[in-house]
Structure formats: C-alpha cells, structure tokens
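This is what each chain is made of:
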Amino acid sequence: MTPLALIIQARGGRVEGSDRALDQGRSAERFDFLRARGVLLHPQDGSGVRRASQILVTSAAVEETVRDVQAARRIGAVVTTRARLLAELFNGAALSIGVAGTSGKSTTVGMIGWILHSAGKSPTIMNGADMKNFVAVDSPFASARIGQGEAFVSEVDESDGSIAFFEPRVAIVNNISLDHKSLDELRSLFRGFIAKAETVVLNLDNAETAALLPDLTGRAVTYSLAAAQADFLAFSPVRSPTGIAFQVKARDTGEVVEVNLKVPGLHNVANALAALGVAKTCGVALADAAAYLGEFSGIRRRLEVVGTVNEITVIDDFAHNPDKISATLETMHAFPGRLLVMFQPHGYGPIRLMRDALVDCFANRLHGDDVLLMPEPIYFGGTVDRSVGSSDIVREIERRGRKALALPDRSACGDSLVKLARRGDRIVVMGARDDSLSQFAHELLRRLTS
C-alpha cells in the first residue's frame, strides 16, 4: 500500500490511511516515514472515514468486518481495492510494463526500473519491496519511484486474481508454480494476462511458462539459461557469495555481453534476462542494459546479509513459497556452511494449500546437517481456517530424514537459533508480509555478538 499511496500523492491526491500494524505498534519507522510525507494516519476504528466524498482503498487483507469498511458503507463512500486502483493507473500509462509470475517479481521490477531510469527514460515504478538503488537519507523506504516518462513498471499479482484487471503493453511472466491458487487457476489467469499484451517476455526454463509460447506467434521475447533457441541465452555463470557473473547472447544479432550482478543466485540470472528482454523492447541497447544491471544493488529482504559475527552470518530473506525457498537454498548451498533456517509461514491459508509442496521442498533441499525451525504461521486477525499449522509440516519433514523443529513462536525460535549457532553457520530468516522479520534478524545478530 505504501508505494501506491506515494504515487497517488505525487499525482496531487490527498492521502490518509489506517493499518492494523499501526494500531498494534508494529513497523513504527514506516509509519513515521509516511507521516513525514504528509500522509494523515488514523486508528483502524472507522474514525478516519467521515465523508461520502472519500474513496476507501483496501488491501486484500482487509475484510468487510473492518470498521473503516463498515463506516464507508454506512456513509456511502466509494470502496475499491488496491489492485483496482493500481490497475487504473497502470492501464492509463502510455507504456505499461507488467511483471508477473510466482517468484522474482520484485527483483525483476527493480532491475527493469533501474535500467530505464539509468537510460534516462524516467519511469514510474511500483514495487512490492524497497529498491536499494533508490534508497536515500530522505527516502528510507523506496518501493515507489515517480517518474515523468511514458513507462509505468509494476508488479502484477496473481495470488488474489487481480492480474485480470491489468492491460499491459509489455507483459513479463517469470515462472508459474504453486502458491496461493491451484495450477489450473494460475494457467487461466496468466493466459488472460498475456493475451492483452503487444510484447510478452517469457522464461523458457519454466515448463508452465514455456507452455504459453505457442499462443504468442510474433509477440514473444524469450530467455533461458539452457535453451539455445531463446532470444536471450545466459551461459558460463561464475558464482560468488554476494553476486554472479555470466554472459548473454542475443539470438537475432549474435551480440554477446558480460553481466556482473551484485546479487547472487541463478534465479537472479533469470530475473536479469527478463529485464534485458524488456530493455530491448524499450529501445535500450543490450550493452548499455548489461552495464546498468551491474549497478543494480538489489531489493531489501532478498538474500540480504544483515551481518557476520564470530563467523556466523545472518541473512534476511523474503522466501515464502516452494519456488522461492528452493532458489534460496540452492543459492546458499553453492558455498560451504551449515544452514539454520527459520521459516515463518505467511498465513494459515497458504500453508494449508502448499503443505505437501513445502514438505517436498524442505525435505529435498535441506542438507543433512541443516536445521529448519518453524514458528506458527503469521496471524494478524481475521477469519481463516487454522487447521494446518507448522507442526504438521515439521512432522513430515522429520519423517523424511531432515532436522526440523516446530516451536510455538518466533521468540522461541530466536532462543534456539542462538543456542544452535556455531562458527561457519549461515542463519536464514525466511518469511513474507511482516517487516518485523527484519528486526528479528538484526536482533539475532546483536544476540550473537553479546
């Protein structure tokens, strides 16, 4: 909601808001930032909704029982959703660039945004996470960038079905895998999304995404780390703990360029290829785009190193579904050291849907000496089926021969991590939709120091 609020405000709108996190005393720095930007904040008790002329914009987490919604209904104020408002802004842009897929959206948006910004195209960027390149002393939360050019680059979300509202000129599909919806539902949503686009950038290394290609005669720009027929082929990757270098060949011209990323992992090679595909569509030369990617410093909470103390490294990571978790574990296991993973599920609904896939992911991807710790799923209120919890996941992972612990809460996980940690370990704090996970990671580092 933060980047959307900032974009609306920059376009002359008056923005007020409420958040249960504010009422619960969480994420104080973010709310202070919004206040400093002139956003008026209210308790989420209906008191901020007073005029029929107001428009109430709700996130997917806000239910009809929330008092602000009830107040808006009572006085006749318009109620819309974050996704519908964002789609209205996006669809009105001269060059709408929508990044979709189960994983990699935030990083790909950041990469595309940085390339277009560096090329002087002044894009507006709507991201689901803070882009480090745009963070400044007076802008510590940089999930939005308001530009003056034609391009509007945005994440497009399939998890709530809102992808159907968006009409992209350029559509990117990084990958399709199980997360919030069944694969049949996802296939339908992604096909509808790309049908509206003039150009579609597709990942040939993901089977579900590659299956979209036959519908796109003459409209597709493809990329791969393995398929020689791809328009952009990456090869000869050289890994380091903090980055990855590789070469890219453009099929149409035969041009080969070197890319040196400051973010690690083969999954980020794929994200970079998607960004290069978009850059071509936007008229940015391949060599220039590759150089700009070398300046890209990453996205907060994407394999972000918090610090190292006593040869123990603490890493903050957004991974929360099997695809993202697999990418993180694969990247981390390219280098020596035991992994102590604290995974906080981001809701009871997703963990119920992904139960078997999560078990397979951890059982197959954890090494013999790694340890997984899971508190109960995050829950900030509302109505949800809580029949499946972390203990159900842990029980099956242990049955398949991996070390896993189900603990009542995050505090208990922190105590266990401090006791378990030894020299050479990497502690990975994993989870989504909760800024306080970063605080937890920083507190872990402090405790390991003392």
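Up top you'll find the structure we're talking about.
Residue positions are given per chain, counted from 1 along the sequence in the order it is written. In view of the model being predicted, local features appear only for residues whose pLDDT reaches at least 70, and side-chain atom pairs are presented and counted only at 80 or more, with totals across whole chains, interfaces and linings using the full set of residues. In computing side-chain values, all of the structure's heavy atoms are included and hydrogens and water are not.

K.L.:
Help me understand the overall build of the protein, please; the structure alone is not making it clear to me.
P.N.:
Only DSSP runs of H or I reaching four residues or more are called helices, and only runs of E reaching two or more are called strands; each is numbered from the N terminus. For the protein, the helix and strand inventory stands at 16 helices and 20 strands. The C-alpha atoms of the protein give 22 Å as radius of gyration, which agrees with the globular expectation for 450 residues (22 Å, within 12%). Judged by the C-alpha coordinates and their principal axes, the protein covers about 60 × 55 × 45 Å. Here the term buried applies to any residue with accessible area under 20% of the maximum for its type, exposed to any over 50%, and partly exposed to those in between, with areas from a 1.4 Å probe on protein chains only. Considering the protein as a whole, with its 450 residues, one finds that 55% of them fall into the buried category. By definition, residues are in contact when any of their heavy atoms lie within 4.5 Å. For the protein, contacts bridging at least 24 residues in sequence account for 66% of all contacts bridging at least 6. Each accessible area is a Shrake-Rupley result for a 1.4 Å probe, and residues are judged covered by the shown protein chains and nothing else. Total accessible area on the protein is roughly 18,700 Å²; 50% of this is exposed by carbon and sulfur atoms. For the protein, the centre of its 51 positive side-chain charges and the centre of its 52 negative side-chain charges are spaced 2 Å apart. This radius of gyration counts C-alpha atoms alone. The globule rule is 2.2 Å times how many residues there are, raised to the power 0.38. As used throughout, the charge tally considers Lys and Arg to be positive and Asp and Glu to be negative, leaving His and the chain termini uncounted. By convention, the charge on Lys lies at NZ, on Arg at CZ, on Asp at CG and on Glu at CD.

K.L.:
When you look at helix α14 (residues 390–399) in this model, what are you seeing that I'm missing?
P.N.:
Residues spaced three or four apart along an α-helix point in a common direction, a consequence of the helix completing one turn every 3.6 residues. Burial in α14 covers these residues: Ser390, Asp392, Ile393, Val394 and Ile397. Those residues of α14 that are buried are in contact with α12 (348–353), α13 (355–365), β18 (371–374) and β19 (403–406). The positive-phi residue at the C-terminal boundary of α14 is Gly401, with phi of around 90°.

K.L.:
Got a minute to help me understand the pairing of strand β8 (residues 151–155) in this structure?
P.N.:
Across a regular strand the side chains alternate sides, sitting on one face of the sheet and then on the other. Of all five residues that make up β8, five are buried, and the element is covered over most of its length. Burial along β8 is two-sided: Ala151, Val153 and Glu155 facing one way and Phe152 and Ser154 facing the other are all buried. Taken together, the five bridges between strand β5 (residues 95–100) and β8 define a ladder with parallel strand orientation. Residue pairing for β8: Ile97 is matched across the bridge by Val153. Strand pairing is assigned whenever DSSP identifies at least 2 bridges connecting the two strands. The pairing of strand β6 (residues 124–126) with β8 spans three bridges and is parallel. Within the sheet, the bridge partner assigned to Met126 lies in β8 and is Ser154.

K.L.:
How should I be thinking about the sheet that holds strand β13 (residues 243–250) in this particular structure?
P.N.:
Backbone hydrogen bonds are what pair the strands of a sheet, in a parallel or an antiparallel way. Here ten strands make up an open sheet; going across it, the order is β7-β6-β8-β5-β9-β10-β11-β12-β13-β14 and the pairing mixed. Each edge of the open sheet carries a strand with a single partner, namely β7 (144–145) and β14 (256–261). Only C-alpha atoms enter the line fits that serve as axes; for helices the fit covers just the stretch in contact. Angles between N-to-C directions range over 0 to 180 degrees. Contacts from helix α7 (residues 183–195) reach β5, β9 (170–173) and β10 (199–203) within the one sheet, and its direction differs from that of β9 by about 150°.

K.L.:
Just to check I follow, could you spell out the pairing of strand β16 (residues 312–317) for this structure?
P.N.:
The buried fraction of β16 amounts to six of the six residues, a majority that puts the element mostly inside the structure. Every second residue of β16 is oriented toward a common face, with Ile312, Val314 and Asp316 on one face and Thr313, Ile315 and Asp317 on the other, all of them buried. Looking at chain direction, strand β15 (residues 304–309) and β16 are connected through five bridges and run antiparallel. Paired with Glu304 across the two strands is Asp316, which belongs to β16. Hairpin connection, β15 to β16: the antiparallel pair is bridged by two residues, and Asn310 has positive phi, about 50°. Two strands pair when backbone bridges link them, and β16 and strand β20 (residues 426–431) are joined in this way by five bridges, in the parallel orientation. By the bridge assignment for β20, Asp316 is matched with Val429.

K.L.:
Would you take a moment to explain the environment of Arg187 for this structure?
P.N.:
Turning to its location among the elements, Arg187 is positioned in helix α7. Under the relative-accessibility criterion, Arg187 is labelled partly exposed at 29%. Measuring from C-alpha to C-alpha, the distance between Arg187 and Val394 comes to 30 Å, with 207 residues separating the pair along the chain. Among the polar contacts listed, one links the side chain of Arg187 to the side chain of Asp184, at a separation of 2.7 Å. Pairing of N or O atoms within 3.5 Å defines a polar contact, subject to two protein rules: one partner must be a possible hydrogen donor and the other a possible acceptor, and residues neighboring in sequence count only if both atoms are side-chain atoms.

K.L.:
When you look at the packing of aromatic side chains in this model, what are you seeing that I'm missing?
P.N.:
Each aromatic ring pair is described using two quantities: the centre-to-centre distance and the angle formed by the ring planes. Here is the rule: rings of Phe, Tyr and Trp (six-membered ring for Trp) pair when centre to centre is within 6.5 Å. Planes less than 30 degrees apart are stacked, more than 60 are edge-to-face, and the remainder are tilted. What the rule picks out here adds up to five aromatic pairs. For the pair Phe33 and Phe141, a centre-to-centre distance of 5.3 Å together with 55° between the ring planes defines the contact as tilted. Residue Phe33 is located in helix α3 (residues 28–36), and its partner Phe141 is located in the loop between β6 and β7; the two are separated by 108 residues in the primary sequence. Grouping residues by exposure puts Phe33 and Phe141 together as buried. Here Phe90 and Phe152 contribute two aromatic rings whose centre-to-centre distance is 6.0 Å and whose plane-to-plane angle is 85°, an arrangement assigned as edge-to-face. On the criterion of sequence distance, the pair formed by Phe90 in helix α5 (residues 82–91) and Phe152 in strand β8 is long-range, its members being 62 residues apart. Note on Phe90: relative accessible area 0%, which makes it buried. According to the relative accessible area criterion, Phe152 is buried, its value standing at 1%. Clustering of aromatic rings is evident, with ring pairs tying together Phe90, Phe152 and Phe166. Sitting over the ring of Phe318, Arg302 keeps its end group 3.9 Å from the ring centre. Working rule: Lys NZ or Arg CZ, within 6 Å of ring centre, within 35 degrees of ring normal, means a charge sits over the ring.

K.L.:
What's the story with the sheet that holds β16 in this structure? I'm lost.
P.N.:
Spatially, the six strands line up as an open sheet ordered β15-β16-β20-β17-β18-β19, and their pairing is mixed. Sheet topology places β15 and β19 at the edges, where each strand pairs with a single neighbour. Within the sheet, the average angular offset between the axes of one strand and its neighbour, ignoring direction, is 15°. Examined bridge by bridge, strand β17 (residues 339–344) and β18 share three bridges and lie parallel to one another. What sits directly across from Leu340, in β18, is Val371. Its contacts with the sheet place helix α11 (residues 322–332) against β16, β17 and β20, and it is angled at close to 170° to β20.

K.L.:
Please explain the environment of Ser118 as it appears in this structure.
P.N.:
Note that Ser118 resides in helix α6 (residues 105–118). The spatial distance from the C-alpha of Ser118 to the C-alpha of Glu295 is 9.6 Å, given a sequence separation of 177 residues. Beyond its immediate chain neighbours, meaning those up to four positions away, Ser118 contacts Tyr292 and Glu295. Separated by 2.8 Å, the side chain of Ser118 and the backbone oxygen of Trp114 make a polar contact.

K.L.:
Any chance you could explain the pattern of salt bridges here in plain terms?
P.N.:
Working definition: two side chains of opposite charge can pair if their charged atoms are close together. Here, a salt bridge means any side-chain nitrogen of Lys or Arg that lies within 4 Å of a carboxyl oxygen of Asp or Glu. Under the criterion given, the structure shown has 24 salt bridges. Note that Arg169 and Glu198 form a salt bridge whose closest N and O atoms lie 3.0 Å from each other. In this pair, Arg169 is assigned in the loop between β8 and β9 and Glu198 in the loop between α7 and β10, connecting sequence segments 29 residues apart. Assessed through its relative accessible area of 33%, Arg169 is described here as partly exposed. A salt bridge links Asp392 to Arg395, with the shortest nitrogen-to-oxygen separation between them at 3.5 Å. Of the two residues, Asp392 and Arg395 both sit in helix α14, three residues apart, roughly one turn of that helix.

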